[in-house]
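If you want the building blocks of each chain, they are given just below.
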Amino acid sequence: MLSQLRTMWLVLKHTFTKADTVEYPEQKPYLAPRYRGRIVLTREPDGQERCVACNLCAVACPVDCIALQQTVDDDGRKRAEFFRINFSRCILCGFCEEACPTYAIQLTPDVELAEYDRQSLVYEKHHLLIDGVGKYPDYSFYQQSGISIKNKDKGQGSQEKPPIDVKSLMP
Amino acid sequence: MHDTWLKLFEISIILGLLIPSAAMLVWVERRLIGIWQDRLGPNRVGPFGILQSFADLIKILGKEDWVPPFSDKLVFIVAPVIGAVCVLMSFAVIPFSPNIGVADLNIGLLFFLAMASLAVYSVVLAGWASNSKYALLGGMRAAAQTVSYEVFMGLSLMGVVLLSGSFNLREIVLSQQSGWFIQTQFVGFIVFFIAGIAESHRLPFDLPEAETELTAGFHTEYSGLKFALFFLGEYLGVMLISCMSVVLFFGGWLMPEPLASWLPAIVWYLLKVSVLVMVFILLRTSLPRPRFDQLLLFGWKYMLPLALVNLLVTAVLALTEVI
């Protein structure tokens, strides 16, 4: 009985506390930089697309909302021929971001994804691509990995050593 | 003839104020609960959201007024009307101020208790006529709950009757001129208030409609205007219990002298009522719902003996002229 009275008193004290909620459309709540909202495809520092269309995001996606197709360009880079995310399916879980080996796919703190037309929630590659680098400003996949592309052969990346001829016996 | 028209006018004024204020109470409740839960509550429709109930009314009128084909149709339709009418009838005996009040019955208190008992029919019939399991369970709970709590609701008021020597509510108010009955009948007030919460099945005693377990209890099958009538009945019930508590224990429109002349009697009365209504809402916000057997146990094992002891002590004290 006493605890009930105490409860009532504690609740009554909340008359004088400020509301935790904000009046949303007029007043936007703060969303952390790593908040999981709308998905974007980022670029490397030099402006090239990061995505190599490896399909890992599509595999990781629990609702299968990502569809893409890989092509290899003339300069040896792998790119997505098309890259489609159906945001009417997407549950903003962030698994695709975790799966991505090139930091290409990233979630942004934008949650205002309401549309009148369901079809306009299907984002194509040119909707998804942004000009910036997102959360990893210095990362460039081809500079970190031993894959040869145009103007960069194996062993010429920033953290690479020249390749070793394993068939040679010389130390 | 002239008097009859005057009375009818008074009745329509009271009705015309009561029903909108019951609707406003929905908004007040939502706002207050919002504040106590560190939210804002409905604040979009009109200034401070004051027109929220009006918007709700438009919405509820636009809904399909469905009578389930498997129900007992006549009873299904009559049940919500009984609820609202019984509560509204009780307001007839309440003296709002020295000269406002519909009826000046000799047995006003008994009339109130009778109407409170009759209001149970609304719930029980609704539960039965719906022909659905949730509704039936809700109706059964309502029957058991009301029967148990009605017993000591009446008993808790007998102390007041003993002290004032009258069943007439107006005389009960006037006999509090020397001091409100809350001073001598504190236990009686607590018991009456708890019984009143159970009677108007409000949280924490809203087991007949417990939405977490029974969907909506006895009004699961109701929609549209009939549901609105149940809602109206419930909120009018809150106001009725508050009004009765003020009349019986807080001196009605009476106030100690320096204060009494500041505001008209009716304003003092309404102020007291609104404080009690807020207590109702506070109870709803803060307390969890007991289990059903706990509810009945609490009623029979603690409240009933408490009411009886209160009556006994009051009688002894009144006989020996201590109070």
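The paragraphs below set out a description of the structure included in this document. Nothing here was measured: the structure is a model prediction, and the numbers come from that model.

1. A word on the overall build of chain A
Regarding its fold elements, chain A presents 5 helices and 5 strands. N-terminal to C-terminal, the α/β element order of chain A is α-β-α-β-β-α-β-β-α-α. The dimensions of chain A, computed from C-alpha atoms along their principal axes, are 85 × 45 × 25 Å. By residue count, 17% of the 171 residues in chain A fall in the buried class. Within chain A, contacts between residues at least 6 apart in sequence are counted, and of these 67% link residues at least 24 apart.

2. Focus: the overall build of chain B
Of the regular secondary structure elements, chain B holds 13 helices and 0 strands. Helices (α) and strands (β) of chain B occur, in sequence order from the N terminus, as α-α-α-α-α-α-α-α-α-α-α-α-α. When the 323 residues of chain B are sorted by exposure, 45% land in the buried category. Partitioning the contacts of chain B with sequence separation of at least 6, the portion at a separation of at least 24 is 77%.

3. Quick word on the pairing of strand β2 (residues 66-72) of chain A
All names here are of chain A. By the bridge criterion, 7 bridges tie β2 to strand β3 (residues 78-86) in an arrangement that is antiparallel. For V72, the partnering residue across the bridge sits in β3 and is K78. Here β2 folds back onto β3, and the loop between the two strands holds 5 residues, one of which, G76, carries a positive phi near 90 degrees.

4. Observations concerning helix α8 (residues 186-199) of chain B
Residue and element names in this part refer to chain B. With 14 residues, α8 extends 19 Å between its outermost C-alpha atoms, agreeing within 8% with the 20 Å of an ideal straight helix rising 1.5 Å per residue. Of all 14 residues that make up α8, 11 are buried, and the element is covered over most of its length. Of all the residues in α8, the buried ones are G188, F189, V191, F192, F193, I194, A195, G196, I197, A198 and E199. Following α8 by one or two positions, H201 adopts a phi angle in the positive range, close to 25 degrees.

5. Comments concerning the interface of chain B and chain A
Contacts between chain B and chain A engage 10 residues on the former and 12 residues on the latter. Listed by contribution, the elements that provide at least two residues to the side of chain B that touches chain A are α1 (2-36) and α12 (265-286) of chain B. At 4 residues, the largest contribution of residues to the side of chain B that touches chain A is made by α12 of chain B. Residue composition of the side of chain B that touches chain A, by class: 6 nonpolar, 2 polar and 2 charged.

6. As for the pairing of β3 of chain A
For β3 of chain A and strand β5 (residues 122-123) of chain A, the ladder comprises 2 bridges, and the chain directions are antiparallel. Considered in β5 of chain A, the bridge of I85 of chain A is made with Y123 of chain A.

7. A short note on the packing of α8 of chain B against helix α13 (residues 292-319) of chain B
Residue and element names in this part refer to chain B. α13 packs onto α8 with a crossing angle of 145 degrees between their chain directions and a minimal axis gap of 9 Å. Regarding α8 and α13, the two cross each other, and that crossing is left-handed. Between α8 and α13, the residues in contact are V187, G188, V191, I194 and A195 and M303, L306, A307 and N310, respectively. Considered class by class, the residues forming the contact of α8 with α13 number 7 nonpolar, 2 polar and no charged.

8. Details of helix α4 (residues 108-129) of chain B
Taking 1.5 Å as the rise per residue, α4 of chain B with 22 residues should run 32 Å; its terminal C-alpha atoms sit 32 Å apart, in good agreement. Just downstream of α4 of chain B lies N131 of chain B, where phi reads positive at about 55 degrees.

9. Side note on the nonpolar core
Judged by nonpolar contacts, the single largest core of 87 residues is most densely connected at A195, M239 and V247 of chain B. Broken down by element, the residue count for this core peaks at 17 residues, all from helix α10 (residues 224-249) of chain B. Core analysis: the next-biggest nonpolar cluster, separate from the first, contains 24 residues, C57, L68, F83 and A104 of chain A among them.

10. A word on unusual backbone geometry
Of note in this structure, Y103 of chain A is not a glycine but carries a positive phi near 55 degrees. Positionally, Y103 of chain A belongs in the loop between α3 (95-99) and β4 (105-107). Residue classification places Y103 of chain A among the partly exposed positions, given that 18 C-beta atoms sit within 10 Å. Phi at H201 of chain B takes a positive value of approximately 25 degrees, unusual for a residue other than glycine. Following the sequence through the fold, H201 of chain B ends up in the loop between α8 and α9 (211-214). Given 25 C-beta atoms within 10 Å, H201 of chain B falls into the buried group.

11. What about the sheet that holds β2 of chain A?
If you walk across this open sheet you meet the 3 strands as β2-β3-β5 (chain A), and the pairing is antiparallel. If you trace the sheet from one side to the other, it starts and ends with β2 and β5 of chain A, each paired once.

12. Regarding the packing of α1 of chain B against helix α2 (residues 52-61) of chain B
Between two packed helices, what matters for the description is the angle formed by their axes and the separation of those axes. All names here are of chain B. Direction vectors running N to C along α1 and α2 enclose 110 degrees, while the axes themselves pass 8 Å from each other. When the axes of α1 and α2 are compared, the pair comes out roughly perpendicular. In this structure, the crossing between α1 and α2 has a hand that is right-handed. Side by side, α1 and α2 meet where A23, M24, V26 and W27 of the first sit next to Q52, S53, D56 and L57 of the second.

Cut-offs used in this document
Chains are numbered independently. Their residues run from 1 in the order of the written sequence. Chains and ligands are labelled sequentially in the order written, the chains with letters from A and the ligands with numbers from 1. For this predicted model, a pLDDT threshold of at least 70 governs which residues receive local features, and a threshold of 80 or more governs which side-chain atom pairs are given and counted, while totals over whole chains, interfaces and linings are taken from all residues. The secondary structure listing takes helices from DSSP runs of H or I that are at least 4 residues long and strands from runs of E that are at least 2 residues long, numbered from the N terminus. Our exposure labels follow a C-beta count within 10 Å of each residue's own C-beta, placed from the backbone: buried means 20 or more other C-beta atoms, exposed means 12 or fewer, and partly exposed covers the counts in between. Contact between two residues is assigned whenever their backbone-derived C-beta positions fall within 7 Å. By this definition, two strands are paired if DSSP reports at least two bridges between them. The span you would expect from a helix comes to 1.5 Å times its residue count less one. When residue character is reported, Ala, Val, Leu, Ile, Met, Phe, Trp, Tyr, Cys and Pro are called nonpolar, Asp, Glu, Lys and Arg charged, and the others, Gly included, polar. Every angle, taken between N-to-C directions, lies between 0 and 180 degrees, and every axis is a line fitted to C-alpha atoms, over only the stretch in contact when it is a helix. We call a crossing left-handed when the near helix sits turned anticlockwise from the far one by less than a right angle, and right-handed when that turn is clockwise. For the purposes of this analysis, a nonpolar core is taken to be any set of buried Ala, Val, Leu, Ile, Met, Phe, Trp, Tyr and Cys residues that are connected through C-beta atoms within 7 Å. What sets the label is the angle itself: under 35 degrees gives roughly parallel, over 145 gives roughly antiparallel, 65 to 115 gives roughly perpendicular, and the rest give oblique.

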